[in-house]
Amino acid sequence: MSVSKILDGKLVEKNVELKGWLVTKRSSGGVQFLIIRDGTGTIQATVHKNEVKGRVFSDTERLTQESSIIVKGVVKEDKRAPGGYEVRIRDLQIVHLAEREYPLAKKSHGVDFLMNFRQLWIRSSRQTSILKIRAEIEKACRDFLDENGFVLTDSPILTPSSCEGVATLFEVPYFGDKAFLTQSGQLYVEATVAAFGKVYCFGPTFRAEKSKTPRHLTEFWMVEPEIAFCGFDDNLKLQEEMVTYIVRRVLEKRRRELETLKRDLEPLKKVEPPFDRVSYTETIEMLQSAGYQIEWGEDLGAPHERFISLKFEKPVFVHRYPAKAKAFYMQPDPENPEVVLCADLLAPEGYGEIIGGSERIHDLKILKQKIKEFNLPKEAYEWYLDLRRYGSVPHSGFGLGIERTVMWICKLKHVRETIPFPRTISRINP
Ligand code: 4AD
Ligand code: MG
């Protein structure tokens, strides 16, 4: 039996067996109060001296925090118990008596200390809530795309060339040659999209991000849909539908976890299409008139995104960035080739970019020219140019960063809690 089923309230007066771990224990008179977690939730269980064998009571006395146990007992409704139910224990078996000094026993540890014990910290109710929401978001991404006719095509992790700029490449030795960890599966879904029409990849991506910020990881997960015969506007429509689908799914299935995190639900309930669209040029004007020192041509930084994002209640698209500030593969705007047909989706409440997307260059000549302008090694992109030689079509796509999305939906201050084992410039352990 699972804790979550007991908390649903349909097992009152029934006999249950629970397998789990001890969170805390206290005793009062002849009663011991245990808080037990089993991965689905936490529940109170009580051992009454006059109701159990002496062995059960003395075993309970020996229990240390995080010991693993199997208990049998009867479910009781009890308003005083957290969650409203408790298990009145009849029998208890110790599977493993944990060592006495649990490193995280004290409540007052800083995040850095907790991160050093991430292998244990992930057991806490706050961390399990975040990671359950993450899993729900990942499932929602897949469900949305699968239900809409997309084919999952996995992209390689070891790659011969860069997608998002050479500055953040991780190099790995490759049999006397070198390879790079993928920064994005995009170039490969641009190939599979010509085989299937609508595709996506979903996997880990890597960037040697040299700056230490609350929203940068060096290893993060991205879902990247790509659509053939799709222009800039249809790409944005797909993004607002997908983000709305994700938020609704979390509100529907992970309400208990959002409540554990004390997440204000009102801003999430407002998420629905359409999202506002502002151009990069308008954005620069808004920033300048608010006193920010930023010139047309510069990429937006976290404080700029935060400022814009706080101006809107829902996620907002910032579109048509200067070509020079963005990646080589983006389609120039036919009305102004200084800017490209791209958009970043900024999450509200100050969060900033969670999606980067664009229409891709489908013309061979323009793409060759761009590869040259960006000083990229031409040979490494020959295979990619073939996609413009045989059956080239206008196509678009985007990448949604899972951790940034979890960070926003859970309303966290730092991205490191959104992934089981975060990797940053200053952390590769545990
Ligand atoms: O904007 P980016 O760099 O876009 C791409 O990689 C495109 N090739 C995607 C595509 O069109 N298929 O990254 C996409 C998203 C960002 O919006 C952000 O959510 C996330 O990936 N991201 C990071 N998340 C955590 N740590 C980092 N260092 C990240 N860099 C990007
Ligand atoms: Mg981006």
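Attention in this report is confined to the structure presented alongside it. (Residues numbered from 1 in each chain as written. Chains lettered and ligands numbered in written order. Predicted model: local features only at pLDDT ≥ 70, side-chain atom pairs only at ≥ 80, totals over all residues. Heavy atoms only, no water.)

### Comments concerning the overall build of the protein
Part 1: For the protein, the count of helices and strands is 14 helices and 18 strands.
Part 2: Seen along its three principal axes, the alpha-carbon backbone of the protein occupies a region of about 85 × 50 × 45 Å.
Part 3: Considering the protein as a whole, with its 430 residues, one finds that 53% of them fall into the buried category.
Part 4: Within the protein, contacts between residues separated by at least 24 positions form 67% of all contacts whose residues are at least 6 apart in sequence. (Helix = DSSP H or I, 4+ residues; strand = E, 2+ residues; numbered from the N terminus. Buried < 20%, exposed > 50% of the residue type's maximum accessible area, 1.4 Å probe, protein only. Contact = heavy atoms within 4.5 Å.)

### A closer look at the packing of helix H5 (residues 125–147) against helix H7 (residues 232–253)
Part 1: Two elements in contact, H5 and H7, have axes separated by 9 Å at closest approach and are oriented at 135 degrees. Viewed along their axes, H5 and H7 adopt a mutual orientation that is oblique. As H5 runs across H7, the sense of the crossing is right-handed. Mapping the contact onto sequence places Ile-133, Glu-136, Ile-137, Lys-139, Ala-140, Cys-141, Asp-143, Phe-144, Leu-145 and Glu-147 in H5 and Leu-238, Glu-241, Met-242, Tyr-245, Ile-246, Arg-249, Val-250 and Lys-253 in H7. (Axes fitted to C-alpha atoms, helices over the stretch in contact; angles between N-to-C directions. Parallel < 35°, antiparallel > 145°, perpendicular 65-115°, else oblique. Left-handed = near helix turned anticlockwise from the far one by under 90°.)

### Quick word on the nonpolar core
Part 1: Counting 50 residues, the largest nonpolar core has Ile-137, Cys-141, Val-223, Val-243, Trp-408 and Ile-409 as its most contacted members.
Part 2: Counting only elements with at least two residues in this core, the list comes to H5, strand E10 (198–206), strand E11 (219–228), H7, strand E16 (342–347), strand E17 (352–359), strand E18 (395–401) and helix H14 (402–410).
Part 3: The element best represented in this core is H7, accounting for nine residues.
Part 4: Residues contacting Val-243, with those up to four places away along its chain left out, are Val-271, Phe-275, Pro-315, Leu-345, Ile-355, Leu-400 and Trp-408. (Core = buried A, V, L, I, M, F, W, Y, C linked by side-chain atoms within 4.5 Å.)

### A few points about the site of ligand 1
Part 1: Of all residues adjacent to ligand 1, which total 22 residues, the nearest are Glu-164, Gln-186, Arg-207, Glu-224 and Glu-353.
Part 2: Between an oxygen atom of ligand 1 and a side-chain N or O atom of Glu-353, the distance comes to 2.6 Å.
Part 3: Partitioned by chemical class, the residues of the shell around ligand 1 number seven nonpolar, seven polar and eight charged. (Near = heavy atom within 4 Å. Polar contact = N/O pair within 3.5 Å; in protein donor to acceptor, adjacent residues only side chain to side chain. Nonpolar A, V, L, I, M, F, W, Y, C, P; charged D, E, K, R; others polar.)

### A word on the packing of H5 against H14
Part 1: Closest axis-to-axis distance for the H5/H14 pair is 10 Å, and the angle between their directions is 120 degrees. By the angle between their axes, H5 is oblique relative to H14. In this structure, H5 meets H14 at a crossing whose hand is right-handed. Contacts from Ile-130, Ile-133, Arg-134, Ile-137, Glu-138 and Cys-141 of H5 reach H14 at Ile-402, Glu-403, Thr-405, Val-406, Ile-409 and Cys-410.
Part 2: Of the residues belonging to the contact of H5 with H14, the class tally is eight nonpolar, one polar and three charged.

### Focus: a nonpolar patch on the surface
Part 1: A grouping of Leu-158, Tyr-174 and Phe-175 is seen on the molecular surface, where their side chains present a nonpolar patch of about 370 Å² in accessible area.
Part 2: Within the fold, Leu-158 resides in strand E7 (residues 158–159). (Patch = residues over 30% accessible without salt bridge, like charges linked within 9 Å, V, L, I, M, F, W, Y side chains within 5 Å. Areas by Shrake-Rupley, 256 points an atom, 1.4 Å probe, with all protein chains shown as cover. Salt bridge = Lys/Arg side-chain N within 4 Å of Asp/Glu carboxyl O.)

### Let's talk about the sheet that holds strand E8 (residues 171–174)
What links the strands of a sheet is backbone hydrogen bonding, and the strands pair in either a parallel or an antiparallel sense.
Part 1: Ordered in space as E7-E9-E8, the three strands form an open sheet in which the pairing is antiparallel. Looking along the sheet, the strands with just one partner apiece sit at the ends: E7 and E8.
Part 2: Taken together, the four bridges between E8 and strand E9 (residues 177–181) define a ladder with antiparallel strand orientation. Each residue of the ladder has a partner; that of Tyr-174, found in E9, is Asp-177. (Pairing = 2+ DSSP bridges.)

### What to know about helix H12 (residues 364–373)
Part 1: Within H12, the full set of buried residues consists of Leu-367, Lys-370 and Ile-371. Down the axis of H12, the sector holding all buried residues measures 100 degrees, keeping them to one side. Residues Lys-365, Lys-372 and Glu-373 are exposed on H12 and point more than 90 degrees away from its buried face.
Part 2: Against strand E15 (336–340) and helix H13 (382–386) lie the buried residues of H12.
Part 3: Residue Asn-375 follows H12 closely and has a positive phi angle near 60 degrees. (Arc of directions from axis to C-beta.)

### Concerning unusual backbone geometry
Part 1: The linkage connecting Pro-273 with the following residue, Pro-274, adopts the cis geometry, with an omega of -5 degrees.
Part 2: Locating Pro-274 in the fold gives a position in the loop between helix H9 (266–269) and strand E12 (276–279).
Part 3: Despite not being glycine, Phe-229 shows a phi value in the positive range, around 55 degrees.
Part 4: For Phe-229, the location among the structural elements is in the loop between E11 and H7.
Part 5: Phi at Glu-349 is positive, roughly 60 degrees, even though this residue is not glycine.
Part 6: Residue placement: Glu-349 occurs in the loop between E16 and E17.

### Some thoughts on the side chain of Thr-182
Part 1: With respect to the helices and strands, the residue Thr-182 is situated in the loop between E9 and helix H6 (186–196).
Part 2: The buried category is assigned to Thr-182, whose relative accessible area is 3%.
Part 3: Those residues in contact with Thr-182 that sit more than four places away from it in its chain are Pro-156, Ile-157, Thr-159, Pro-204, Thr-205 and Phe-206.

### Things to note about the pattern of salt bridges
Part 1: Taken as a whole and judged by the stated rule, the model has 35 salt bridges.
Part 2: A salt bridge links Glu-13 to Lys-76; the nearest nitrogen and oxygen atoms lie 3.2 Å apart. Taken together, the positions of Glu-13 in the loop between helix H1 (3–7) and strand E1 (15–28) and Lys-76 in strand E4 (residues 68–77) put the pair 63 residues apart, joining distant regions of the chain.
Part 3: Exposure remark for Lys-76: the relative accessible area of 23% places this residue in the partly exposed category.
Part 4: We note a salt bridge from Lys-139 to Asp-143, for which the minimum N-O separation is 3.0 Å. Placement of the pair is Lys-139 and Asp-143 together in helix H5, with a separation of four residues, close to one helical turn.
Part 5: Looking at Lys-139, the relative accessible area reads 45%, which means it is partly exposed.

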